[in-house]
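Spelled out, the chains give:
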Amino acid sequence: MEALQVISSATQIISSMLGAVSALDQASRNLDEAPKRIRSLEELVYDLENLIRRIKQKHVYKLHNPQLDHQIQSLNALIKQLHPNIMKARRIVSRSKIKNFAKVVWSSMAGDPLSKLISTIRDDLNWWLESQRLTQHVQKVIESTAQDVPVRLKIKIEQGWPISSKCHCVRNLLEREDSHRVILIVGLSGIGKSCLARQVASNPPTKFVDGAVELGFGQWCSRNACNGNKDEYQRRLARKISKFLVQIGFWKKIGDESSGDLEYVCCILQEALYGKRIVILLDDVWEQDIVERFARLYDNECKYLATTRNEAVCEITEAEKVELSKDDIKEISKAILQYHSLLGTEELPVIAETLLERCGHHPLTVAVMGKALRKEARAEKWEKAITNLSTFATCAPGPVSYVNEKEAESTLTVFGSFEFSLEAMPRDSKRLFMALASLSWAESIPEACLEAIWSVLGEENLFLLIVCKLVEGSLLIKTDMDPLYQVHDMVSLYLDSKAHDSTEILLNAYSLEETAFICPWLLIFGKENVKKTAEERMEFLFNVLEEKQVITTLEALIQALMASKSMSELEVSRERFSRILGPRIADLISTNSLSLIAVTTEAITNIFSKSDYCNYFPSLETTGAINKLTTTLQDCKDPAIQIHILIVLAKLAEFGSLETVDKVLQSIPFDQLADLLSPSAEKWHESMFTVLNSLTKAGKSNAVERMFASGIEKKLIKLLENGSEVLQHYAIVTLKGFYEVARTPEIGSLQPSDLNLLPWQVRLHLETFVLSHLTVPHLPKPQSFEDLIYKVLDGSKKQVLQAMQDLIPIIENAADSRIREMILQSPLVKRLSELLQSRHSEQNSLRSESAFLLMKLAFSGGEPCIKKFLDHDIIPELVKMMQCNVAELQDSAYTALHQMLFGNGGILVLSKIFKTGLVDRVVQSVDSKPMKTREVNVHCILDLVELGNKSCLEKMLSLQVVEKLVESEKITGGSGETIVGFLKGMDKCKHLSMMERKVIKQQVVRKIRASSKGHKFETQMLSSVDACMFEGSKGASSGGSGRYRK
């Protein structure tokens, strides 16, 4: 019972009390009735006290909620006011008759005291009710206003960066009307340009009503980093600007159309900033044309803060230049040192001033040294630090060529501080940091990658301690929400100088098995030259075919893919790995090693796409792989290995020749398949459905008959009765596949009498197959059908509705090709489409009935009817109906669309929704105020998730569907029902591989955590999500690390 429910219960009691007070008022003129009325009033007060007591007992752990506490306190205050007045009233009416007579005489002269008390009690009750109504009204007004207020973009402020005089200087330039639109903040690397810019942009002048936004570029977005390749540079710049368009909310996603067309993206940027007043922070700019492209934009009142260390960028003439020098940072360097060393002004040794001078007051150097000397107040330690810093700066590697010459000395000092910081850390932290030089830090790196690299260097259980030291020393930056790591651009520059040595150590200094483990990680997350070396090393390992090394490589390959941050990243890595593995699968499977065959089949099931099966499986048909796999299957007792071998055999049948299909069906032990569907084998059920569906596609009725004979159908029926929602879904899909192929339901075990034992949604899906032989459609008389069509076309509203009802029996038999053709050749579908488009309220019943007939026709007539619907734009009309404010129409539209999606031809409807942008409309409707609109569109989204593929899901994620669902949860109480439904929809989606499903679910969970952070329902929602993820993990069958190593 939340605060709203508390008010509802209390309001009911107090409303009753007002009725009792009115009765008492009337009884005050009849003194015999008055005591009874007062007793009723006392009982209601007692009920109110009991209500408060029950609330406190039930919600003892929620009383910290301010709203709930305020409501309870207001009720207590009301009771305190009521008690004395009711007691006075009781004393008045309990006097003797003589006294009452005297009271009447006195009242005629001085006024009735009971009436005054009644008036006071009534006023108290009315005051409480009015205060609640006022509170609710004010809350609604505020929420309405908040929804109309545009979003103000914000930049996160840097911690530990004091406000300097330069901050005021930059802010003044932003406020001045006569200043240039571009303000260049220039200075040495790590001197605090970005921190200064963020400090100003985090609280921009009030005239920038749209707030501030940051766009980082870095050396990755420069011609030098692209080796002078103009096309590659423009593609990267277009990608960055596209990201900016998403940040400001103008685009919902970064589409393929923006992947390389820089001029097109700049035109969109012009449109996006029209009329805007934003402070735009262009951070770490390396090319002059980047700033110029933004400065050329017109019809907006934006200003641009650009940070750079590139002299060429500083040559822009139409810009204000603010140089950050040593003198500017002197005033704040001591405060930075105190912040990072955790020492107060009095605790700081006198020699700290000398350290600041040796650091050149350089903020990054000061921060690194401060963290290395954290809580160290002894002067001798600080003296040693100064000496070591000088030594390390002298020995530090020189900066790479594209650093400005005037930066060289400062860069060496910064690099020296890194060396000192590492020297102060445990030896293991230094080893890990040096190993990270092989990675590309243009994008964030997942924690799993760092952990994999550390597993080669040292003990795995020490990883968190080791990486924590690097974060504390400012050498690594860990993101708030996700287990991802970044580095400062100066740290990245330092690591570039160590990349060659790092790669040499990782690939040559350790055993071949350890090298084999690290190669897949470097192939995904390494620098470009490192990726090439890792790929060559992997190809060498596969050519040599040394068992332990190949097993280790394949295991690491699967783990590295699982660490992908997004579907697009997964797809790029998967293609790269499949090109290496594909040509060698025949050799790997033909070995006599159970472990090697097991890990190879697992890698195939996780990596291969449909095109890979088509390209590489023909080699298995001619090398005796089927015999090898079936022999291994019979000898192996591990269900995980059995599952992966079964999937490979099933895919061989699905994509192989007819001869291969027969061979696989004869070789597969179907009894073993039935055992893997037992309740005790729940962990493998999801994979088993993949096997069954592939075999059904390949072997058709031959395969289905074998499955019936082995009892697989009975196992699936058991899952229908007792399985989870996701398992029921897969069992329904599989059984439908069986019955569609068999075309003889009588050979199956599912009988009409069994349908009543199943959940209603299961009966709905399967009764068509089980009961199909019990009904024989009759062709209606042409004249009667024509008469009904005529009435639908030209009849009155009443005649049209009656004709529609009479058409239902005919439409239900549209599975008969003769009836279906008769319906499709008539003008019925066109007329129903026209009726859907009516916008008059008196036509609502006709619109609802039209949607119902279309649903029936889609269910019975299948794909031919769906194609006819598409010709008449019925799908867009149904989506529009879902947005109207009439609940009956919304339900009718959703029910019809749902049936069309899940019926025969549903793929055409799905394609229409995504290709024509209807999905955008559905997703946006999740923000709707009307509850019914939100409800039906959320249901539609869950349907699209269940039926969609990778591209559909990526499109929906780009439309911020997860964030919108979380916002909807916040409004409706945070039960987690819709976001859990979204996750379950992905579990039901048959177009995702197990690895794709895992990666995209991780991506969704990250979005849920970020969107719910800090909200009062955060814990409640995340608990539901965690429970769903745990339940889903029971169906995962991927092997753990080192499962196959000997």
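Residues numbered from 1 in each chain as written. Predicted model: local features only at pLDDT ≥ 70, side-chain atom pairs only at ≥ 80, totals over all residues. Heavy atoms only, no water.

**A closer look at the overall build of the protein**
(1) Moving on: For the protein, the helix and strand inventory stands at 54 helices and eight strands.
(2) Moving on: Classification of the 1046 residues of the protein by burial places 52% in the buried group.
(3) Moving on: If you sum the accessible surface of the protein, you get close to 47,600 Å²; carbon and sulfur atoms cover 51% of it. (Helix = DSSP H or I, 4+ residues; strand = E, 2+ residues; numbered from the N terminus. Buried < 20%, exposed > 50% of the residue type's maximum accessible area, 1.4 Å probe, protein only. Areas by Shrake-Rupley, 256 points an atom, 1.4 Å probe, with all protein chains shown as cover.)

**Here's the deal with unusual backbone geometry**
(1) Moving on: Positioned with a positive phi, Lys-700 is a non-glycine residue whose angle comes to about 50 degrees.
(2) Moving on: Along the chain, Lys-700 turns up in helix 34 (residues 685-709).
(3) Moving on: The residue Gln-960 is not glycine, and still its phi comes out positive at about 60 degrees.
(4) Moving on: If you trace the backbone, Gln-960 turns up in the loop between helix 50 (950-958) and helix 51 (961-972).
(5) Moving on: Assessed through its relative accessible area of 35%, Gln-960 is described here as partly exposed.

**Overview of the sheet that holds strand 6 (residues 445-446)**
(1) Moving on: What the three strands build is an open sheet, ordered 6-8-7; its pairing is antiparallel. In this open sheet, the two strands that pair with only one neighbour each are strand 6 and strand 7 (477-478).
(2) Moving on: Direction of pairing for strand 7 relative to strand 8 (residues 484-486): antiparallel, over a ladder of two bridges. By the bridge assignment for strand 8, Lys-478 is matched with Tyr-485. (Pairing = 2+ DSSP bridges.)

**A short note on helix 9 (residues 262-272)**
One full turn of an α-helix is made of 3.6 residues, so residues set three or four places apart face in the same direction.
(1) Moving on: Where helix 9 is concerned, the buried positions are Leu-262, Val-265, Cys-266, Ile-268, Leu-269, Gln-270 and Ala-272.
(2) Moving on: Where helix 9 is buried, its residues touch helix 8 (230-247) and helix 10 (288-295). (Contact = heavy atoms within 4.5 Å.)

**Focus on the packing of helix 49 (residues 931-947) against helix 51**
(1) Moving on: Direction vectors running N to C along helix 49 and helix 51 enclose 140 degrees, while the axes themselves pass 12 Å from each other. Between helix 49 and helix 51, the crossing angle belongs to the class labelled oblique. The element helix 49 and its partner helix 51 pack so that their crossing is left-handed. In contact with Arg-934, Val-938 and Ile-941 of helix 49, helix 51 contributes Val-961, Leu-965, Ser-968, Ile-971 and Thr-972. (Axes fitted to C-alpha atoms, helices over the stretch in contact; angles between N-to-C directions. Parallel < 35°, antiparallel > 145°, perpendicular 65-115°, else oblique. Left-handed = near helix turned anticlockwise from the far one by under 90°.)

**Section: the pattern of salt bridges**
(1) Moving on: If you walk through the whole model with that rule in mind, you get 40 salt bridges.
(2) Moving on: The partner of Arg-236 in a salt bridge is Glu-232, and the shortest N-O contact between them spans 2.8 Å. You can see Arg-236 and its partner Glu-232 sitting in helix 8, four residues apart, about one turn around the helix.
(3) Moving on: In this structure Arg-236 comes out as buried when scored by relative accessible area, which is 13%.
(4) Moving on: Exposure remark for Glu-232: the relative accessible area of 22% places this residue in the partly exposed category.
(5) Moving on: Salt-bridge contacts for Lys-531 lead to Glu-528; the nearest nitrogen and oxygen are separated by 3.8 Å. (Salt bridge = Lys/Arg side-chain N within 4 Å of Asp/Glu carboxyl O.)

**Looking at the pairing of strand 3 (residues 279-285)**
(1) Moving on: Burial analysis of strand 3 places seven of its seven residues in the buried class, which makes it a mostly covered element.
(2) Moving on: In this sheet, strand 3 lies alongside strand 2 (residues 212-216) in parallel orientation, the contact comprising five bridges. Across the sheet, the residue bridging to Leu-215 is Leu-282, located in strand 3.
(3) Moving on: Running through helix 10, the crossover from strand 3 to the neighbouring parallel element strand 4 (residues 303-308) is right-handed. (Right-handed = clockwise from strand over helix to strand, strands pointing away.)

**Let's talk about the sheet that holds strand 3**
(1) Moving on: Pairing in this open sheet of five strands is parallel, and the strands run 2-3-4-1-5 from one edge to the other. What marks the edges here is a single partner per strand, and that holds for strand 2 and strand 5 (320-324). When strand polarity is set aside, the average angle formed by the axes of neighbouring strands in this sheet is 20 degrees.
(2) Moving on: Running at roughly 155 degrees to strand 2, helix 8 makes contact with strand 2 and strand 3 of the sheet.
(3) Moving on: The strands touched by helix 10 are strand 1 (182-187), strand 2, strand 3 and strand 4; relative to strand 3, the strand with the most contacts, the crossing angle is about 170 degrees.

**Things to note about the packing of helix 8 against helix 10**
(1) Moving on: With their axes 12 Å apart at the nearest point, helix 8 and helix 10 run at an angle of 45 degrees to one another. Comparing the axis directions of helix 8 and helix 10 gives the class oblique. The chirality of how helix 8 crosses helix 10 is right-handed. Taking contact as the criterion, the partners of Tyr-233, Leu-237 and Phe-244 in helix 8 are, on helix 10, Asp-289, Ile-290, Arg-293 and Phe-294.
(2) Moving on: Counted by class, the contact of helix 8 with helix 10 contains five nonpolar, no polar and two charged residues. (Nonpolar A, V, L, I, M, F, W, Y, C, P; charged D, E, K, R; others polar.)

**Brief notes about the environment of Gly-723**
(1) Moving on: Residue position: Gly-723 is located in the loop between helix 35 (712-722) and helix 36 (725-742).
(2) Moving on: Between the C-alpha atom of Gly-723 and that of Glu-682, which follows or precedes it by 41 residues, the distance is 9.3 Å.
(3) Moving on: Leave out the neighbours within four places in its chain, and Gly-723 touches Lys-718 and Gln-728.

**Remarks on helix 40 (residues 797-811)**
(1) Moving on: In a regular helix each residue adds 1.5 Å, so 15 residues correspond to 21 Å; helix 40 covers 20 Å between its end C-alpha atoms and thus fits that length.
(2) Moving on: Those residues of helix 40 lying buried are Val-800, Ala-803, Met-804, Leu-807, Ile-808, Ile-810 and Ile-811. (Expected span 1.5 Å × (residues − 1).)

**Points about the nonpolar core**
One broad rule of soluble globular proteins: the nonpolar side chains tend to lie buried together.
(1) Moving on: In this structure, Leu-695, Met-900 and Phe-982 are the most contacted members of the largest nonpolar core, which totals 220 residues.
(2) Moving on: The biggest single contributor to this core is helix 31 (residues 639-655), with 11 residues.
(3) Moving on: Beyond its immediate chain neighbours, meaning those up to four positions away, Met-900 contacts Leu-854, Ala-858, Ile-866, Phe-869, Ile-874, Ile-875, Leu-878, Gly-905, Gly-906 and Val-909. (Core = buried A, V, L, I, M, F, W, Y, C linked by side-chain atoms within 4.5 Å.)

**Describing the side chain of Glu-849**
(1) Moving on: You can see Glu-849 is positioned in helix 43 (residues 844-861).
(2) Moving on: When sequence neighbours within four positions are dropped, the list of residues in contact with Glu-849 reads Leu-801, Met-804, Gln-805 and Ile-808.

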